[in-house]
Amino acid sequence: MLVLLPPSETKSVGGSGAPLDLGGLSHPELTGTRRRLVEALSTLADDVPASLDALGLSERQVEEVQRNAELWDAPTAPALERYTGVLYDALDVQSLSPVERKQADARLAVASALFGIVHGTDAIPAYRLSGGNSLPGIGTLRSVWRPVLEPVLTAADDLVVDLRSGAYAALAKIPGAVAVRVLSEDARGKRKVVSHHNKAHKGKLARALAQAPDEPESVEDILAVASDAGLQVEREGDRALCVVVHP
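Residues numbered from 1 in each chain as written. Predicted model: local features only at pLDDT ≥ 70, side-chain atom pairs only at ≥ 80, totals over all residues. Heavy atoms only, no water.

### Remarks on the side chain of Arg164
Stage number 1. Considering the arrangement of structural elements, one finds Arg164 in the loop between β8 (160-162) and α8 (166-169).
Stage number 2. Within polar-contact distance, the side chain of Arg164 engages the side chain of Asp162 at 2.9 Å.
Stage number 3. Once residues lying within four places of it in the same chain are set aside, the contact partners of Arg164 are Leu4, Leu5, Pro6, Ala111, Leu153, Ala169, Ala172, Ile174 and Lys202. (Helix = DSSP H or I, 4+ residues; strand = E, 2+ residues; numbered from the N terminus. Polar contact = N/O pair within 3.5 Å; in protein donor to acceptor, adjacent residues only side chain to side chain. Contact = heavy atoms within 4.5 Å.)

### A short note on the packing of aromatic side chains
Stage number 1. The full count for this structure, using the stated rule, is 3 aromatic pairs.
Stage number 2. Geometrically, the ring pair formed by Tyr83 and Tyr88 is stacked, given 5.8 Å between the ring centres and 25° between the ring planes. This pair shows no difference in class: Tyr83 is buried, exactly as Tyr88 is.
Stage number 3. Ring centres of Phe115 and Tyr127 lie 5.6 Å apart, and the angle between their planes is 90°; on these two criteria the pair is classed as edge-to-face. With a gap of 12 residues between them, Phe115 in the loop between β3 (108-112) and β4 (116-119) and Tyr127 in the loop between β5 (123-124) and β6 (134-135) connect regions that are remote in the sequence. With respect to class, Phe115 is no different from Tyr127; both count as buried.
Stage number 4. Linked through ring pairs, Tyr83, Tyr88, Phe115 and Tyr127 together constitute an aromatic cluster.
Stage number 5. Over the aromatic face of Tyr127 sits the side chain of Lys11, whose NZ or CZ is 4.4 Å from the ring centroid. (Phe/Tyr/Trp six-rings, centres within 6.5 Å; stacked < 30°, edge-to-face > 60°. Buried < 20%, exposed > 50% of the residue type's maximum accessible area, 1.4 Å probe, protein only. Lys NZ or Arg CZ within 6 Å of the ring centre and 35° of its normal.)

### Observations regarding helix α9 (residues 198-211)
Stage number 1. For α9, built from 14 residues, the straight-helix expectation of 20 Å at 1.5 Å per residue is met to within 8% by its first-to-last C-alpha distance of 20 Å.
Stage number 2. When you tally the buried positions in α9, you get 11 out of 14 residues, the bulk of the element.
Stage number 3. Listing the buried residues of α9 in full gives Asn198, Ala200, His201, Lys202, Gly203, Leu205, Ala206, Arg207, Ala208, Leu209 and Ala210. (Expected span 1.5 Å × (residues − 1).)

### A closer look at helix α3 (residues 62-69)
Stage number 1. Regarding α3, the residues found buried are Glu64, Val65 and Asn68. Projection of α3 onto a plane perpendicular to its axis shows the buried side chains occupying an angular sector of 100°, all on one side.
Stage number 2. The inward-facing, buried residues of α3 abut α1 (31-44) and α2 (48-55). (Arc of directions from axis to C-beta.)

### Thoughts on the pattern of salt bridges
Two side chains bearing opposite charge may form a pair once their charged atoms approach each other closely.
Stage number 1. On inspection of all chains with the given rule, the structure shows 12 salt bridges.
Stage number 2. Of the charged contacts, one joins Arg67 and Glu64 as a salt bridge, the two residues approaching to 3.9 Å between their closest N and O atoms. Here Glu64 and Arg67 lie together in helix α3, a separation of 3 residues that amounts to about one turn.
Stage number 3. According to the relative accessible area criterion, Arg67 is partly exposed, its value standing at 21%.
Stage number 4. The salt bridge involving Glu150 is made with Arg146; its shortest N-O contact spans 2.9 Å. Residue Glu150 and its partner Arg146 are both found in helix α7 (residues 141-154); the two are separated by 4 residues, about one turn of the helix.
Stage number 5. Relative accessible area serves as the criterion here: at 18%, Glu150 is assigned to the buried category.
Stage number 6. Ionic contacts of the salt-bridge type, sharing partners, join the residues Glu9, Glu64, Arg67 and Arg128 into one network. (Salt bridge = Lys/Arg side-chain N within 4 Å of Asp/Glu carboxyl O.)

Here is the structure:
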């Protein structure tokens, strides 16, 4: 099973790992594209105003540009510890047992605008680049990633659980993936799309799937794991699930 998580704009700083080694990341077939983007992003950082404009940042976020300037030299950290925010707070990999953490590293991966996809133990630096950004001389990230990332993800024999947000789902389509959305149900049974807490509930589902002693191999297995974890998850189709939450 591969659970594909969305990344986060916020990332932990520092790390104890050696500087970025693209050749050491999962999926070496993506190395060429990764190198092209890292070099473009770090070069762009030499022009702070241009970086702020391309990345959609304000002048108060200039430290994000500095992180991009240091991509080749900054310390790294495992991907599941680099990303922060609501989803990753709910996932809380730091509290997993050693066995569960090993399972999380094997089962969970993060969609990345810069690296395409990174697995749990892939060592990466802090950076700022979003799925909807365009880079000078490069173009849209969708145009860069789709030709190389889609073959990698569609070739996976594993069950793929797609928790990505729209901008990252656009970087690569995965026709056979199990799509998951989150809906809120009020006291009258009326449901609506959850926005603010969407990531938290996806994080809880990802944690449950990482902790499952037996690796899920089907939609039925996912439903059983979710139920055991106290989550209300319903089937909406052959390859579609809905997490239902009650305010």
